[in-house]
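Each chain, letter by letter, is given below.
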Amino acid sequence: MPTSRSYRDSCGMARALDVVGERWALLVIRELTLIPQRFSELRHALPNASSNLLADRLRELEHHGVIRRRKLAPTAGPQVYELTEWGRKLEPIVLGLSEWGIDAPHPPEPTSLSATSVLNFLRIGAHPDPAAPPIVCRLDLDGSVWTVSVDSGKVEVRTGEPTTADISLRTDPKTLGSLLANPASLDSALTEGTVALVGDLQALNHLLSLYGATA
């Protein structure tokens with residue numbers, strides 16, 4: 001059931017942890033950094049959290065004004081969860097924790113890796129050359145399509161189809177995370193069929209070379 005535990009410490013950090021310090025809370029927020037998601041999508045992204053625990057965290061975060069629910073259609077249709085304006089201020093903090101955690105030890109297998117997690121790593125983990133030619137990648141990840149653009153030393157990730165693309169890549173989050181950690185594994189992934197590629201192989205190799213750690 002939802003918790004109301006408090007550190008009873010008036011420091012801003014302690015008050016923040018009163019709101020988002022419960023287990024799974026920050027991972028829920030991570031999952032909502034890119035797009036709103038349904039409860040079933042959050043369950044898929046966080047397979048080690050039980051339905052009841054996830055529902056508790058969502059209720060708590062909604063109660064505190066970090067997230068809100070809305071219907072996709074005005075009168076009917078499924079509900080999605082999304083960050084509020086105040087909750088959106090956590091995005092750089094969540095991304096910063098993700099970047100800091102790259103150097104932490106890996107948990108024991110079996111592990112999970114959500115699409116949002118690896119997409120956020122695409123946003124923060126690259127160091128592209130501002131003078132390098134731009135790259136646009138159509139990325140089909142877990143059945144959803146994303147556009148990954150590298151231009152002028154910046155990486156942008158957005159939902160939906162690109163107008164044009166240099167490469168089209170279809171894979172799953174854990175395979176993509178492995179490729180970002182070890183670009184040399186691309187040939188075996190293509191052979192095994194865990195990656196499907198259409199387009200410029202050289203452009204994909206260049207994109208993967210911008211990264212060097214697991215998501």
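Our structure's up above, just so we're on the same page.
Structural notes, computed from the coordinates. (Residues numbered from 1 in each chain as written. Predicted model: local features only at pLDDT ≥ 70, side-chain atom pairs only at ≥ 80, totals over all residues. Heavy atoms only, no water.)

**Structural notes on the overall build of the protein**
For the protein, the count of helices and strands is 10 helices and 7 strands. Against the compact-globule benchmark of 17 Å for 215 residues, the protein has a radius of gyration of 19 Å, which places it among compact chains. Principal-axis analysis of the C-alpha atoms places the extent of the protein at approximately 55 × 45 × 35 Å. A buried classification covers 39% of the 215 residues belonging to the protein. Looking at the protein alone, contacts between residues at least 24 apart form 61% of all its contacts between residues at least 6 apart. (Helix = DSSP H or I, 4+ residues; strand = E, 2+ residues; numbered from the N terminus. Rg over C-alpha atoms; globule rule 2.2 N^0.38 Å. Buried < 20%, exposed > 50% of the residue type's maximum accessible area, 1.4 Å probe, protein only. Contact = heavy atoms within 4.5 Å.)

**A word on the pattern of salt bridges**
Taken as a whole and judged by the stated rule, the model has 11 salt bridges. The shortest N-O distance in the salt bridge between arginine 57 and glutamate 60 comes to 2.9 Å. On the criterion of helical spacing, the pair formed by arginine 57 and glutamate 60 is a turn pair, its members being 3 residues apart in helix H4 (residues 51-63). Neither residue differs from the other here; arginine 57 and glutamate 60 are each classed as buried. A salt bridge links glutamate 82 to arginine 68, with the shortest nitrogen-to-oxygen separation between them at 2.9 Å. Taken as a pair, glutamate 82 in strand E2 (residues 79-83) and arginine 68 in strand E1 (residues 67-71) lie far apart in primary sequence, 14 residues in all. Among the charged side chains, a salt-bridge network with shared partners connects Arg68, Arg70 and Glu82. (Salt bridge = Lys/Arg side-chain N within 4 Å of Asp/Glu carboxyl O.)

**A closer look at empty space enclosed by the protein**
Within the structure shown, the criterion is met by 2 cavities of 30 Å³ or more. Considered as a void within the structure, the largest cavity measures approximately 50 Å³ in volume. The wall of the largest cavity is formed by Leu122, Cys137, Leu139, Val148, Leu169, Leu176, Leu204, Leu207 and Leu208. Elements with a minimum of two residues in the lining of the largest cavity: strand E3 (135-141) and helix H10 (201-208). In terms of residues, the lining of the largest cavity owes the most to one element, H10, which gives 3 residues. A volume near 40 Å³ is recorded for the second largest cavity. For the second largest cavity, the full set of lining residues is Pro128, Asp129, Ala132, Pro133, Val150, Asp151, Ser152, Gly153 and His206. Here the residues of the lining of the second largest cavity sort into 4 nonpolar, 3 polar and 2 charged. (1 Å grid on protein atoms, 1.4 Å probe; cavity = no way out; pocket = protein on both sides within 12 Å on 5 of 7 lines; lining within 4 Å. Points joined across faces, edges and corners; volume = space filled by probe spheres on them. Nonpolar A, V, L, I, M, F, W, Y, C, P; charged D, E, K, R; others polar.)

**A few points about the layout of surface pockets**
The space that makes up the second largest pocket amounts to roughly 420 Å³. Lining the second largest pocket are 18 residues, with Gln37, Glu41, His44, Ala115 and Asp142 sitting closest to its centre. At the level of elements, helix H3 (39-45), helix H7 (115-124) and strand E4 (144-151) are the ones that each hand at least two residues to the lining of the second largest pocket. Considering every element that reaches the lining of the second largest pocket, the biggest residue donor is H3, with 4 residues. Here the residues of the lining of the second largest pocket are counted per class, giving 8 nonpolar, 7 polar and 3 charged.

**Overview of the side chain of serine 114**
Checked against the element boundaries, serine 114 lands in the loop between helix H6 (91-101) and H7. Accessibility expressed as a relative area gives 6% for serine 114, which makes it buried. In terms of polar contacts, serine 114 uses its side chain to reach the side chain of arginine 30, at 3.4 Å. If sequence neighbours within four positions are ignored, serine 114 has contacts with Arg30, Glu31, Ala45 and Pro173. (Polar contact = N/O pair within 3.5 Å; in protein donor to acceptor, adjacent residues only side chain to side chain.)

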